[in-house]
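Reading the structure
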Amino acid sequence: MQTTIIRDFDHWRSAARGCIAAGIPPSHVRMFDDTGQQSLFAESEGLPAAPADSGPFRVPPRFLSLAECLSCHRSADRWNLLYRTLWRIVNEHPKLLQLETDADVLQLTRMEKQIRRDTHKMKAFVRFRRVENGGVEHFIAWHEPDHRIVRRVAPFFSRRFASMNWTILTPDESVSWDQQQLTYGPGLSKSDAPQSDQLEDLWRTYYANIFNPARVKVKMMKSEMPVRFWKNLPEAEIIDELLASAPQRVEQMIAKHEGFAETAADLITSRLQPPLTLPELQQLAQECTACSLHCNATQTVFGHGPADAEIVILGEQPGDQEDLTGVPFTGPAGELLREAATATGLNLAECYITNVVKHFKFRLIEDPKDGPEPRGQRRLHQKPDAREIRACRPWFEAEFSCLARARVLICLGSTALAAVAGPGQRLQEQRGRIFSTAACEKTIATWHPSAILRTPESLLRQQRMEQFCGDLRTAASLTNR
Ligand code: URA
């Protein structure tokens, strides 16, 4: 049995490469965390370095991002789990990560979720207190994350609080920002952080502003904002008061909340390295809170289709059905789209299909019929507004940047047209024409299938359907296939 003590992710990576190159199966190697206390296993008992001529082996980018994420996990066995998975990918099953029911894959994704959640909590619950040091203002926070996520989250704080000098202390390590660079230091105890000051009032105001009275559920609040964090949170003292005034503050909250939310662009640049890929964007988009639509929607409905698609179809936003399935155009509008595509010979399986806005926007209306919603209610589609469209734009731009072979962009309806050609374009005037936009040289706008379905007059509906089919045919003729 070979053993080694792993210092960090880079160290694990090179140790794992060495083991793979030397053909050491996971059952013959143990990788231990560097707790600073081991005397049993010296590093000299360590693993072979990768031979210079071993040649690179390829692993899916998803594995690398998973491994990097899990390197922060507190589980002592994570390095062995990662090595076992790597071994299986390289030697047994290159697509192992797609086997969602595999025990190792399940364990990895469970641990990844725990890191995500912990990261989210740290971004949300770090509270700075102001101190003065020789006339210089400094902000200090104490936080107790579940996992060793300080280095993962610190860049977020350096962007968010770029023009402050701050330090975050945790039991594992500390990090400081001097408005230029991040510096890491040893872990500390809570008594090293200042206990209270006027900043607490500021935090209470901040919390009062972002507190979401529309979603008040005490049980849920406790899971969102675990009680063990409450002792460090000045605003916990005002929760009772906020609960009492919740109903009047719903509207106010929405506007305020959005000012504090992490933008989609921030989320993408802080979490993903170029070149971006569609699967990692899709996964990350599930965490988007850039506008308030995520509060009520079931999930982010990301684009769908092959990365080598030549035709991109852009709709407005997912509907009721898509919100539940998670795939664009799977409801009645999708049915009409498929009907038209079949009639014109357009192969939708070769197209990339997405929406300007990735969350379903709706309001609940009374409906005597039963549906998936609370009894007697129905979710009625609402058009996204300019803020929501702007907030979601980085996702479409990122998606498009992954579609290297996209030649033609089909905009379905006026929201898609405005999103790519700017406001003020009239669909009736642009429909069927081919024009160039920043997104795509050959852009064509046509009717949204929902608009056709909603056209009450049958002759007009038929005419629009014919125009729709004609436009799809034109689009198909513009590709190289
Ligand atoms: N309408 C859209 O614009 N997109 C969908 O995904 C479904 C309906």
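Residues numbered from 1 in each chain as written. Predicted model: local features only at pLDDT ≥ 70, side-chain atom pairs only at ≥ 80, totals over all residues. Heavy atoms only, no water.

1. Here we look at empty space enclosed by the protein
- Inspection of the entire model under this criterion finds two cavities of 30 Å³ or more.
- As a volume, the largest cavity reaches approximately 90 Å³.
- Along the walls of the largest cavity sit 15 residues, with Cys 288, Cys 291, His 359, Cys 392 and Trp 395 positioned nearest its centre.
- The dominant element in the lining of the largest cavity, judged by the number of residues it contributes, is helix α15 (residues 386-402), at four residues.
- Considering only enclosed or pocket space, the second largest cavity measures out at about 40 Å³ in volume.
- Lining the second largest cavity are Val 356, Ile 389, Arg 393, Phe 396 and Ala 419.
- Considering each element in turn, the lining of the second largest cavity owes the most residues, three residues, to α15.
- Here the lining of the second largest cavity is composed, by residue class, of four nonpolar, no polar and one charged. (1 Å grid on protein atoms, 1.4 Å probe; cavity = no way out; pocket = protein on both sides within 12 Å on 5 of 7 lines; lining within 4 Å. Points joined across faces, edges and corners; volume = space filled by probe spheres on them. Helix = DSSP H or I, 4+ residues; strand = E, 2+ residues; numbered from the N terminus. Nonpolar A, V, L, I, M, F, W, Y, C, P; charged D, E, K, R; others polar.)

2. Some details on unusual backbone geometry
- Here the bond from Pro 274 into Pro 275 is cis, since omega is -5°, no more than 30 degrees from zero.
- For Pro 275, the location among the structural elements is in the loop between α11 (264-271) and α12 (278-285).
- Despite not being glycine, Gln 179 has its phi angle at roughly 75°, a positive value.
- Of note, Gln 179 is situated in the loop between β6 (173-177) and β7 (182-186).
- Although it is not a glycine, Phe 329 sits at a positive phi angle of roughly 55°.
- Relative to the assigned elements, Phe 329 resides in the loop between α13 (320-325) and α14 (332-344).

3. Quick look at the side chain of Ser 174
- Along the chain, Ser 174 falls in strand β6.
- According to the relative accessible area criterion, Ser 174 is buried, its value standing at 9%.
- Leave out the neighbours within four places in its chain, and Ser 174 touches Ile 168, Leu 169, Thr 183, Tyr 184, Gly 185, Pro 186 and Gly 187. (Buried < 20%, exposed > 50% of the residue type's maximum accessible area, 1.4 Å probe, protein only. Contact = heavy atoms within 4.5 Å.)

4. Some remarks on the side chain of His 147
- Within the secondary structure, His 147 is located in the loop between β4 (136-142) and α5 (150-160).
- Once residues within four sequence positions are removed from consideration, His 147 is found in contact with Cys 72, His 73, Arg 74, Gln 114, Ile 115, Asp 118 and Asp 172.

5. Considering the pairing of strand β9 (residues 352-355)
- Across the two faces of β9 the burial is the same, with Tyr 352 and Thr 354 and Ile 353 and Asn 355 all buried.
- Where strand β8 (residues 311-315) lies against β9, four bridges are found, and the strand directions are parallel. For Gly 315, the partnering residue across the bridge sits in β9 and is Asn 355. (Pairing = 2+ DSSP bridges.)

6. Observations concerning the site of the ligand
- Around the ligand, a shell composed of Gly 315, Glu 316, Gln 317, Pro 318, Gly 319, Glu 322, Pro 328, Phe 329, Ala 333, Asn 355 and His 448 is seen.
- Here an oxygen atom of the ligand sits 2.8 Å away from a polar atom, N or O, in the main chain of Glu 316.
- Residue Gln 317 places a main-chain N or O atom 3.0 Å away from a nitrogen atom belonging to the ligand.
- In the complex, 94% of the free accessible area of the ligand, which totals 240 Å², lies under the protein chains. (Near = heavy atom within 4 Å. Polar contact = N/O pair within 3.5 Å; in protein donor to acceptor, adjacent residues only side chain to side chain. Areas by Shrake-Rupley, 256 points an atom, 1.4 Å probe, with all protein chains shown as cover.)

7. What about the nonpolar core?
- Among the nonpolar cores identified, the biggest contains 62 residues, and Leu 281, Ile 313, Leu 348, Trp 395, Leu 409, Ile 410 and Phe 468 are the most heavily contacted of them.
- Top contributing element to this core by residue count: α15, with seven residues.
- Counting residues in hydrophobic clusters, the runner-up holds 46 residues, among them Ala 16, Ala 67, Leu 70 and Phe 156. (Core = buried A, V, L, I, M, F, W, Y, C linked by side-chain atoms within 4.5 Å.)

8. Some remarks on helix α3 (residues 78-91)
- The first and last C-alpha atoms of α3 sit 20 Å apart over 14 residues, in line with the 20 Å expected at 1.5 Å per residue.
- Burial runs high along α3: eleven of the 14 residues are buried.
- Considered for burial, the residues of α3 that qualify are Arg 78, Trp 79, Asn 80, Leu 81, Leu 82, Tyr 83, Thr 85, Leu 86, Trp 87, Arg 88 and Ile 89.
- Structurally, α3 contributes buried residues whose contacts are with β1 (2-6), α1 (9-21), β2 (29-33), α2 (61-70) and α4 (103-125). (Expected span 1.5 Å × (residues − 1).)

9. Here's the deal with the confidence of the model for the protein
- Chain-level pLDDT for the protein is 84 on average; 78% of the residues reach the 70-or-more range.
- Segment residues 253-258 is flagged for pLDDT under 50; beyond a separation of four residues in sequence, or across chains, it makes 15 contacts in the model. (pLDDT = per-residue confidence, 0-100.)

10. Examining a negative patch on the surface
- Together, Asp 8, Asp 10, Asp 34 and Glu 68 line one region of the surface with negative charge.
- Of note, Asp 34 is situated in the loop between β2 and α2.
- Here Asp 34 falls in the partly exposed class, since its relative accessible area comes to 42%. (Patch = residues over 30% accessible without salt bridge, like charges linked within 9 Å, V, L, I, M, F, W, Y side chains within 5 Å. Salt bridge = Lys/Arg side-chain N within 4 Å of Asp/Glu carboxyl O. Lys, Arg positive; Asp, Glu negative; His and termini not counted. Charge placed at Lys NZ, Arg CZ, Asp CG, Glu CD.)

11. Observations concerning the packing of α12 against α15
- Look at α12 against α15: their axes get within 10 Å of each other, and the N-to-C directions meet at 165°. In terms of orientation, α12 lies roughly antiparallel with respect to α15. Classified by chirality, the crossing of α15 by α12 is left-handed. Contacts between α12 and α15 involve Leu 278, Leu 281, Leu 284 and Ala 285 from the first element and Trp 395, Ala 398, Glu 399 and Cys 402 from the second.
- When its residues are assigned to classes, the contact of α12 with α15 shows seven nonpolar, no polar and one charged. (Axes fitted to C-alpha atoms, helices over the stretch in contact; angles between N-to-C directions. Parallel < 35°, antiparallel > 145°, perpendicular 65-115°, else oblique. Left-handed = near helix turned anticlockwise from the far one by under 90°.)

12. Details of the environment of His 448
- When you line up the elements, His 448 lands in the loop between β14 (442-446) and α18 (449-454).
- A residue is classified by how much of its surface remains accessible, and His 448, at 13% relative accessible area, is buried.
- Along the chain, His 448 and Ser 414 lie 34 residues apart, while their C-alpha atoms are 7.8 Å from each other.
- Apart from the residues within four sequence positions on either side, His 448 is in contact with Glu 316, Phe 329, Ala 333, Leu 412 and Gly 413.
- In terms of polar contacts, His 448 uses its side chain to reach the backbone amide nitrogen of Ser 450, at 2.9 Å.

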